[in-house]
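# Descriptive structure summary
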Amino acid sequence: MSKSDFPFNIDDIALNLLGLRTQKGFPSATVSHYRVLCPFCTSSHYSLDIVRDRNIWSCQACGNTGGMLDLYKKVKYGEMTSMTNGEAYKEIVEQLNCETYAPVYKKTEVSYAKESDTKGTKERHKVYSEMKKLPYFMLAEKHRLNLLNRGLTSAQIKANGYFSSPSKQFDFLVASELIKKGYNLEGIPGFYLDNGTRYNQLKKNYSEIPGYRDGEQNWAFKSWPSGFYIPIRNEYGMIVSIQTRTENSKCKYIFLSSADMSLGSKAVSCAHYAGNFVDRPTKVYLTEGPLKADIAHALSGEAFIALPGVNNYTAMKDVLLTLKKIGVKTIASAFDMDCFTNPQVAKAVKNHKQLIIEAGFSYEFCRWDERFKGIDDYLLFKTKERDHE
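My aim in this report is to walk through the structure given alongside it, one point at a time. (Residues numbered from 1 in each chain as written. Predicted model: local features only at pLDDT ≥ 70, side-chain atom pairs only at ≥ 80, totals over all residues. Heavy atoms only, no water.)

## Let's talk about the overall build of the protein chain
The criterion, for reference: The numbering of helices and of strands both runs from the N terminus, where a helix is a DSSP run of H or I of at least 4 residues and a strand a run of E of at least 2. With C-alpha atoms as the basis for the radius of gyration, the globule rule is written as 2.2 Å multiplied by the number of residues raised to the power 0.38. Whether a residue is buried, partly exposed or exposed follows from its accessible area with a 1.4 Å probe, protein chains only, as a fraction of its type maximum: under 20%, in between, or over 50%, in that order. Working rule for contacts: check all heavy atoms of both residues, and any pair within 4.5 Å makes them a contact. For every accessible area listed, the method is Shrake-Rupley and the probe measures 1.4 Å; residues are considered covered only by the protein chains on display. When charges are tallied, Lys and Arg are placed among the positive residues and Asp and Glu among the negative ones, while His and the ends of the chain are skipped. Throughout, a charge is located at the NZ atom of Lys, the CZ atom of Arg, the CG atom of Asp or the CD atom of Glu.
Broken down by element type, the protein chain carries 12 helices and 15 strands. Relative to the globule expectation of 21 Å for 389 residues, the C-alpha radius of gyration of the protein chain, 22 Å, shows essentially globular dimensions. For the C-alpha atoms alone, the extent of the protein chain along its principal axes is close to 70 × 55 × 35 Å. Counting across all 389 residues of the protein chain, residues that qualify as buried make up 52%. Contacts spanning at least 24 positions in sequence make up 66% of the contacts within the protein chain whose residues lie at least 6 apart. Entry remark: accessible area of the protein chain is about 18900 Å², with carbon and sulfur atoms responsible for 48%. Between the averaged position of the 52 positive side-chain charges in the protein chain and that of its 43 negative side-chain charges there is a distance of 2 Å.

So, in structure tokens, the structure goes:
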């Protein structure tokens, strides 16, 4: 069944049946996407993106994604529900009291931006590795101090490859320099083909726009929101995605994306591997957030894996398959201590335990002084305590 065969759309599910809260009231009929509060993560920001013409959704904070039937099932019955798409479809039709054989909603004719399919791991790794070498991405001093205060050394900061977002005036120059080096930017999250909108925005503040060529198609880098970038690495150390630690107090971490922009690509929300997995560790620690995993690994020497969101079970299942191939025997849960006070986190930790045991791994639960929410905070405290002895 194609998306046009459905007698309902994602608006019916997100807004009418589930009542998800939108950022600015009910979206207008002409916008291609809008955001709602994510029901799967603890973010207070409107981070879940509803893409109307494709009837899909994705959260820029926790990385959960799927189609409209997935949204209905997971919100109403929980992320671990066994409900099939067929059962969900039947239930939705009954609740909306709509026909089962033909669309009842006339699609508004709007020209949406054509997106590109995301390129594979090797292509993303090559582009991102070359991109962070460009002078526009040097790690800002304020970001370096932030990382030092979190417990990382200068050598660890350099090895992990953090880098700062460039000045917005270099959006076109970043893309043009990579193209000159022979890289194809179509399908790389963070890059898009500008239709003149970004050029006109920048022209208001800058007399000249470096890298922009009149009369030609111009690729650009999406440099906003500003902050510093955290490379998301797979078990081989390849950069498969990038997360931005933003300077926005409401939504601190989002994945680099250029979705809903001309030939842009959606974010890749996947697990991050911190440590040496090539040597096949037999025990790994599981937490949420790539920077937290980097810091915990640096302070403990243990292998850490960070899910993009505590409720991201798609990423979790991929992790279990990878760890099985590596030969890992034990997985230790090291999620934040609010798992004792936050019902949503507690439920997710319980579900992870079930998945880990069912996959044949030994399971351990890490508990520490609850004055420290995250494992990184606690390890930093213990490190400072030892240093003062």
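## Some details on the pattern of salt bridges
Condition: Each salt bridge in this description consists of a side-chain nitrogen of Lys or Arg and a carboxyl oxygen of Asp or Glu lying within 4 Å of one another.
Tallying each qualifying case throughout the model produces 16 salt bridges. In this structure, E216 engages R213 in a salt bridge whose closest nitrogen and oxygen atoms are separated by 3.5 Å. Through salt bridges with shared partners, a single ionic network connects E130, K133 and K181.

## Here's the deal with the packing of helix α1 (residues 10–17) against helix α2 (residues 68–77)
What counts is decided by this rule: Fitting a line to C-alpha atoms yields each axis, with helices limited to the stretch in contact; the angle taken between N-to-C directions then spans 0 to 180 degrees. Throughout, the term roughly parallel applies to angles under 35 degrees, roughly antiparallel to angles over 145, roughly perpendicular to angles from 65 to 115, and oblique to all others. Note on convention: near helix rotated counterclockwise from far helix by under a right angle means a left-handed crossing. Clockwise means right-handed. Gly falls in the polar group here, along with every residue not listed as nonpolar (Ala, Val, Leu, Ile, Met, Phe, Trp, Tyr, Cys, Pro) or charged (Asp, Glu, Lys, Arg).
Remark: α1 packs on α2, axes separated minimally by 8 Å, with the N-to-C direction vectors making an angle of 20°. In terms of orientation, α1 and α2 fall into the roughly parallel class. Along this stretch, α1 crosses α2, giving a crossing that reads as left-handed. Residues I10, I13, A14 and L17 of α1 pack against M68, L71 and Y72 of α2. For the contact of α1 with α2, the class distribution of residues is 7 nonpolar, no polar and no charged.

## Here we look at the sheet that holds strand β10 (residues 253–255)
Note the threshold: We call two strands paired when DSSP finds no fewer than two bridges between them.
Strand order in this open sheet of 4 strands is β5-β8-β9-β10, and the pairing throughout is antiparallel. What marks the edges here is a single partner per strand, and that holds for β5 (163–164) and β10. Judged from the 2 bridges that link them, β5 and strand β8 (residues 227–233) form a sheet pairing that is antiparallel. Within the sheet, the bridge partner assigned to S164 lies in β8 and is F228. Together, β8, β9 (239–246) and β10 form the strand contacts of helix α9 (residues 290–300), whose direction differs from that of β8 by roughly 75°.

## A word on helix α12 (residues 375–387)
Here is the rule: By this rule the span expected of a helix is its residue count minus one, scaled by 1.5 Å. The arc in question is traced by the directions running from the helix axis to the C-beta atoms.
Over its 13 residues, α12 extends 18 Å from the first C-alpha to the last, a length consistent with the 18 Å expected when each residue adds 1.5 Å. Within the sequence span of α12, burial applies to I375, D376, L379, L380 and T383. All buried residues of α12 project into a common sector of 130° when viewed along the axis, lining one side. Where α12 is buried, its residues touch α5 (141–149), β12 (283–288), α9 and β13 (304–307).

## Looking at the nonpolar core
Under the convention used in this document: To define a nonpolar core, start from buried Ala, Val, Leu, Ile, Met, Phe, Trp, Tyr and Cys residues and group those joined through side-chain atoms within 4.5 Å.
Counting residues in each nonpolar core, the largest one holds 29 residues, and the members touching the most others are F8, I13, L48, I50 and L71. Elements that contribute at least two residues to this core include exactly α1, β1 (33–36), β2 (48–51), β3 (56–59), α2 and α3 (85–96). In this view, I50 contacts I10, A14, S32, H33, Y34, V36, I56, W57 and L71; residues no more than four positions away in its chain are not counted.

## Remarks on the pairing of β12
Selection criterion: By convention, a crossover is right-handed whenever its connection, traced from the first strand over the helix to the second and viewed with the strands pointing away, goes clockwise.
Looking at chain direction, β12 and strand β14 (residues 330–333) are connected through 4 bridges and run parallel. Of the residues in β14, the one forming a bridge with K283 is T330. Chirality of the crossover, the property in question, places the unit of β12, α9 and β13 among those that are right-handed.

## Considerations on the packing of aromatic side chains
Threshold: What counts as a ring pair is set by centres within 6.5 Å for rings of Phe, Tyr and Trp (its six-membered ring), and what kind of pair is set by the plane angle: stacked under 30 degrees, edge-to-face over 60, tilted for all other angles.
Counting across every chain of the model gives 21 aromatic pairs. Aromatic side chains F172 and Y212 sit 5.0 Å apart centroid to centroid with 80° between the ring planes, which places their arrangement in the edge-to-face category. Taken together, the positions of F172 in helix α7 (residues 171–180) and Y212 in the loop between α8 (197–203) and β7 (218–221) put the pair 40 residues apart, joining distant regions of the chain. By relative accessible area, which is 0% here, F172 ends up buried. Overall, Y212 belongs to the partly exposed group, its relative accessible area being 22%.

## Here's the deal with helix α4 (residues 121–131)
Within α4, the full set of buried residues consists of R124, V127, Y128, S129, E130 and M131. Against β5, α7, β6 (191–194), β7 and β9 lie the buried residues of α4.

## Section: unusual backbone geometry
Omega for the peptide link from W224 to P225 comes to 0°, which places this bond in the cis form. Along the chain, P225 falls in the loop between β7 and β8. The backbone of N55 shows a phi angle near 55°, a positive value even though the residue is not glycine. Mapping N55 onto the fold places it in the loop between β2 and β3. Of note, L263 is a non-glycine position whose phi angle comes to about 55°, a positive value. Structurally, the position occupied by L263 is in the loop between β10 and β11 (272–274).

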